[in-house]
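Chain by chain, the residues run as shown.
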Amino acid sequence: MNQVTIDHPSPQRPLTPEEITRRRFLEKLCIGLSGICAAILGIPLVGFVVGPIFRKTTGKWISVGNITDYEIGKTVSVTISDPSSLPWAGITAKNALWLRRVNEGEFIAFSVNCTHLGCPVRWLQDADLFMCPCHGGVYYSDGTVAAGPPPKPLIRYDVRTANGQVQIKTMAIPITTTL
Amino acid sequence: MKRLVVGTWRWLDDRFGISHLIGPSLKHLVPHDARWWYVFGSATLLAFIVQVVTGVALAFSYASSSSQAYETLQFITNEAPFGRFLRGMHYFGASAMVLMVGAHMAQTFLFGSYKFPREMNWTTGVLLLAFTLGMGFTGQLLRWDQTAAWSVVVAAEQAGRVPWIGDFLAQFILGGTTIGGATLSRFFAIHVFIMPALIFVFIGIHLMLVLRHGIAEPPIAGQVVDPATYRVEYEERMRKTGRPFWPDGAWRDFVVGTGLIVVIALLAYFIGPPKLDDPPDPSILNADPRPDWYLLWYFALLALIPPQVEGYALILAPVLIGILLLAAPILNNRGERAPSRRPWSIAVVLLSVIMIGALWIQGARSPWSPNFDPPPLPEKVVGATSGPVFEGAKVFRDRGCLNCHLIDRIGGRRGPDLTYVGDKLSESDIVIRIVNGGVNMPAFGSSLKPEEVNALVAFLQSRKRSLRTENRAAYNKNVATH
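Residues numbered from 1 in each chain as written. Chains lettered and ligands numbered in written order. Predicted model: local features only at pLDDT ≥ 70, side-chain atom pairs only at ≥ 80, totals over all residues.

Undergrad: Report on the overall build of chain B, specifying residues and quantitative values.
TA: When helices and strands are counted, chain B shows 21 helices and 4 strands. Since a compact globule built from 482 residues should have a radius of gyration of about 23 Å, the 29 Å found for chain B marks it as more spread out than a globular shape. With the C-alpha coordinates of chain B rotated into their principal frame, the extents come out at 100 × 55 × 50 Å. Looking at chain B residue by residue over its 482 residues, the buried ones come to 38%. Long-range pairs, those at least 24 residues apart, make up 77% of the contacts in chain B between residues at least 6 apart in sequence. (Helix = DSSP H or I, 4+ residues; strand = E, 2+ residues; numbered from the N terminus. Rg over C-alpha atoms; globule rule 2.2 N^0.38 Å. Buried ≥ 20, exposed ≤ 12 C-beta atoms within 10 Å, placed from the backbone. Contact = placed C-beta atoms within 7 Å.)

Undergrad: Describe the overall build of chain A, listing the residues and the values that go with them.
TA: Summing up its helical and strand segments, chain A has 1 helix and 10 strands in all. Along the chain direction, N to C, the helices and strands of chain A fall in the order α-β-β-β-β-β-β-β-β-β-β. Over its C-alpha trace chain A gives a radius of gyration of 31 Å, far above what one expects of a compact globule, namely 16 Å for 179 residues. For chain A, the spread of C-alpha atoms along the three principal axes comes to 95 × 40 × 35 Å.

Undergrad: Explain the confidence of the model for chain B residue by residue, including any values.
TA: Residues with a pLDDT of 70 or more make up 97% of chain B, whose mean pLDDT is 92. Within chain B, no element has a lower average pLDDT than helix α21 (residues 469–481) of chain B, which sits at 55, and none a higher one than helix α3 (residues 40–59) of chain B, at 98. (pLDDT = per-residue confidence, 0-100.)

Undergrad: Before we move on, can you summarise the domain arrangement of chain A with the specific residues and values?
TA: Domains assigned within chain A are domain 1 (15–55) and domain 2 (61–169). Put simply, the middle of domain 1 of chain A and the middle of domain 2 of chain A, counted by C-alpha atoms, are 51 Å apart. (Domains from an automatic or database assignment.)

Undergrad: Can you lay out the interface of chain B and chain A for me, pointing to particular residues and giving the numbers?
TA: At the junction of the two partners, chain B supplies 58 residues and chain A supplies 50 residues. Counting only elements with at least two residues in the side of chain B that touches chain A, the list comes to α7 (146–160), α8 (166–174), α9 (181–213), α12 (296–304) and α13 (307–331) of chain B. In terms of residues, the side of chain B that touches chain A owes the most to one element, α7 of chain B, which gives 8 residues. Of the residues belonging to the side of chain B that touches chain A, the class tally is 27 nonpolar, 22 polar and 9 charged. (Nonpolar A, V, L, I, M, F, W, Y, C, P; charged D, E, K, R; others polar.)

Undergrad: How would you summarise the sheet that holds strand β5 (residues 122–124) of chain A if you had to cite specific residues and measurements?
TA: Residue and element names in this part refer to chain A. Taken together, 4 strands build an open sheet; the order of strands is β5-β6-β7-β8 and the sheet is antiparallel. Both outer strands of the open sheet, β5 and β8 (145–147), are each paired with one neighbouring strand and no more. Direction aside, neighbouring strands of the sheet carry axes that sit 35° apart on average. (Pairing = 2+ DSSP bridges. Axes fitted to C-alpha atoms, helices over the stretch in contact; angles between N-to-C directions.)

Undergrad: Kindly report on unusual backbone geometry, identifying the contributing residues and their values.
TA: Residues and elements named next belong to chain B. Of note, the amide linkage connecting phenylalanine 116 to proline 117 takes the cis form, showing an omega dihedral of 0°. By secondary structure assignment, the location of proline 117 is in the loop between α5 (83–110) and α6 (119–142). In the Ramachandran plot, phenylalanine 82 falls in the positive-phi region, its phi being about 65° despite a non-glycine side chain. With respect to the helices and strands, phenylalanine 82 occurs in the loop between α4 (69–78) and α5. Look at asparagine 440: it is not a glycine, yet its phi comes out positive at around 65°. Here asparagine 440 shows up in the loop between α19 (427–436) and α20 (450–461). Under the C-beta neighbour-count criterion, asparagine 440 is labelled partly exposed, with 16 such atoms within 10 Å.

As structure tokens, then:
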């Protein structure tokens, strides 16, 4: 078999300064090129994946029915559709809120998300309480905490009446933060 | 024919160098007494292979679109050939992987196998445990039903508690500010690409380290690990008493592995995959989200942590557990390996099992959750068909008391059992509790009418041991006679 020999400096022979410089340069070149490749691939990747965090969505006023549709003193669930949802969101674009008509012209709209860990609270009309199925959070009819682990009252939507209609300002899922 | 096969194999083996490549790994020496305790690692690997195979099969029909995933899951479960079975295999394979990785870790810890020079074996194993649990959670979310959708919200809320960057993390999880089109596809990418890739890489490193440092022998009391001499002593012992992994050690892995696959298949066939809940419609509020069994203990923990420290515990506890696990071999990498000389190691494993087991049982019972649909109290339990006691029983149910309290095993478990409350509290005590509320109980003073309070008090006062169900009829008859 033919032996192919390449004139590599053997470990025994010390490298010349030129060889050292050339090798160091080639090492740095390879590392630098790898960095450029990683950046070309990585920057758009990170931007694409993390992008939604920085996408600002502003709440939009949407109508949820006539004022007369709601009975004074009653709390009812209202289904809304996220106006800024992606086209393929399907039924996940839907959302719900609890709407309470306090008197002739005053409404309160509560987020359905328990302020403990976001589970959907249910309204028990006769008990006059909201209850959370996950960890047992309980709220009074005005959204204040009655019992259980929720750290703060139910979050309220902005609500207004205009032209005989009740309008809600859409908002993000309220996230309870520590700091 | 045999000649042809053998010849072909030899030719391929020569050209590819298969025997040359894996031969030394298969023949590496393992301790002669490494027997049934040593099967959990390979069983975990096999469970992972089951997950990869069944996961790839499911991906042929699963659409990772928020609007279509639920329908494709229904198709897989109800119409596709073997679809139900494959989903079942994937679910029970995940359960097996969690169980086996837990058993492997406990065995490694008890045997002190994480000590010198296998510190990094342990560390990579801890990371693999984290990835396994991550796969379990993200996998549950791909079962894109109502529970999955709400679980995403719960995950986002938990991430939201991380100081300073919580809001960003929550939005990252949701893929925006609400559940929507971007939510499911990112969990699909994480579950199907990112985490499996990480698991493959770390399994590779883990196995490479197993080959590099050898399998730790079963510990013997008095045989201490001294980093200065351990390697020489281990090699010497292997030379004298070691056995080649193939087939002397491997046959047990094959026996247990086959048993594991058979059990997974039987469970998948007879029990089937977890039932799909309602569609992932966030406007349906009759939801009761629960994690799969392997995270049920954490679900319970979130209910039982005192609210005052919950914010810290949510974030610090997992971080501390992670640091402790990762640091274990650095803090203690020499000395005795035998559990008999390290009783605290037995205590740690036992306490962990008891703690997780107890939380798991609590999570399964969820006594803190209200019973949203209790049946009416039967006449036999109420003990009256008219009058204040009867009216009080009606108020008790209508006003939500029965959602949280038990009467003769009917109702919720969130509050105290009131079956015999009449023996414990006086009339004034009961009134005060109802009107002002109490520990973890809402105040009903502003929502109940005075006559309702009176009726409730009459009903609750009649809940006495002396008036047990069987005596109540006679009591009523007696009252009627007089």
